[in-house]
Amino acid sequence: MKKAPELKLVPTPGQTVGPFYGYALPYDKDNELVNQGHPNSVRLHGVVYDGKGEAIPDALLEIWQADEQGNVVSREGSLVRDGYTFTGWGRTAVDNAGHYTFTTVNPGATDQGKAPFIMLTVFARGLMNRLFTRIYLPEDTEALASDPLLSSLSEAERKTLIATREDDGSLRLDLRLQGEDETVFLAYPRES
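Residues numbered from 1 in each chain as written. Predicted model: local features only at pLDDT ≥ 70, side-chain atom pairs only at ≥ 80, totals over all residues. Heavy atoms only, no water.

S.K.: Please clarify how the sheet that holds strand β3 (residues 89–93) should be interpreted in this entry.
M.R.: Taken together, the four strands give an open sheet; going across it, the order is β3-β2-β5-β6, and neighbouring strands pair in antiparallel fashion. Single-partner strands in this sheet number two, and they are β3 and β6 (131–136). Direction aside, the axes of adjacent strands within the sheet are offset by 25 degrees on average. In this sheet, β3 lies alongside strand β2 (residues 60–65) in antiparallel orientation, the contact comprising five bridges. Residue pairing for β3: Trp64 is matched across the bridge by Trp89. (Pairing = 2+ DSSP bridges. Helix = DSSP H or I, 4+ residues; strand = E, 2+ residues; numbered from the N terminus. Axes fitted to C-alpha atoms, helices over the stretch in contact; angles between N-to-C directions.)

Okay, here's the thing in structure tokens:
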């Protein structure tokens, strides 16, 4: 009997978003890290654009952040929103015009003098792997100026990571996946 040749399996790409996510990943109140009635709630929103400057209608975003005091929250039950427990994590799908929105709180600095930020992950069609970036709050200009990541970037690149505080107190940051004014995305070393 002839022995079958040994096959070497190759890992598949990290793509985890496809046409299935619209019904498999969203869950009730996934974009509400706090209830809209929370006294310190803030709206974080923007639009996701592709390299041609057109809105992407089928991206999925996740955020991770510290609470208002700068504590990195580690609580079980992120998928079960009870309206009271802040878990520091949320997920939302963009609408047909590429717009996303989260209801959260302004994160505090995790260490004295550090610039508060929100981690953001982007999943979208055409991406073989998710993209990581940060959203910085605009107010503490001294902390922003001394932030190691922001300090390593040009002025134009820094602007892609700092949200705008709107008149109603909400935060806005548009994401550009490619092209002019492309958002700065972060790379993390892979474990072997």
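Now that the structure has been shown, we can carry on.
S.K.: Explanation requested: unusual backbone geometry in the structure shown.
M.R.: Negative phi characterises most residues that are not glycine, and trans characterises most peptide bonds. The backbone phi angle of Lys29 is positive, close to 60 degrees, even though this residue is not glycine. Counting through the fold element by element, Lys29 comes out in the loop between α1 (21–24) and β1 (42–49). With phi around 60 degrees, Asp181 is a residue other than glycine that occupies positive phi space. Along the chain, the position of Asp181 falls in the segment after β9 (175–176). The class for Asp181 is exposed, based on a relative accessible area of 51%. (Buried < 20%, exposed > 50% of the residue type's maximum accessible area, 1.4 Å probe, protein only.)

S.K.: Can you help me understand the pattern of salt bridges in this one?
M.R.: Pairing between side chains of opposite charge can happen when the charged atoms of each approach one another. Across all of its chains, the model carries six salt bridges by this definition. One salt bridge connects Arg125 with Asp58, and the closest N-O pair in it is separated by 3.0 Å. Here Arg125 is found in the loop between β5 (117–123) and β6, whereas its partner Asp58 is found in the loop between β1 and β2, with 67 residues between them in sequence. Note on Arg125: relative accessible area 48%, which makes it partly exposed. Exposure remark for Asp58: the relative accessible area of 25% places this residue in the partly exposed category. The residue Arg172 makes a salt bridge to Asp174 at a minimum N-O spacing of 3.0 Å. Accessibility expressed as a relative area gives 25% for Arg172, which makes it partly exposed. (Salt bridge = Lys/Arg side-chain N within 4 Å of Asp/Glu carboxyl O.)

S.K.: Where do I start with the side chain of Arg134 in this structure?
M.R.: Relative to the elements of secondary structure, Arg134 occurs in strand β6. Among buried charged residues, Arg134 stands out as having no salt bridge; its nearest opposite-charge side chain is Asp147, 4.2 Å away. Within polar-contact distance, the side chain of Arg134 engages the side chain of Tyr136 at 2.7 Å. Once residues within four sequence positions are removed from consideration, Arg134 is found in contact with Phe117, Ile118, Met119, Asp147, Leu149, Leu161, Leu173 and Leu186. (Lys, Arg positive; Asp, Glu negative; His and termini not counted. Polar contact = N/O pair within 3.5 Å; in protein donor to acceptor, adjacent residues only side chain to side chain. Contact = heavy atoms within 4.5 Å.)

S.K.: I would appreciate a short explanation of the pairing of β1 in the present structure.
M.R.: As a general feature of sheets, a regular strand has side chains that alternate between the two faces. Within β1, seven of the eight residues are buried, which leaves it mostly tucked inside the rest of the structure. In terms of strand pairing, β1 meets strand β4 (residues 99–104) through six bridges, oriented antiparallel. Across the sheet, residue His45 finds its bridge partner in β4, namely Thr101. Of the strand pairs in this sheet, β1 and strand β8 (residues 171–172) are connected by two bridges, and their pairing is parallel. Within the sheet, the bridge partner assigned to Leu44 lies in β8 and is Leu171. Where β1 lies against β9, two bridges are found, and the strand directions are parallel. Within the sheet, the bridge partner assigned to Tyr49 lies in β9 and is Arg176.

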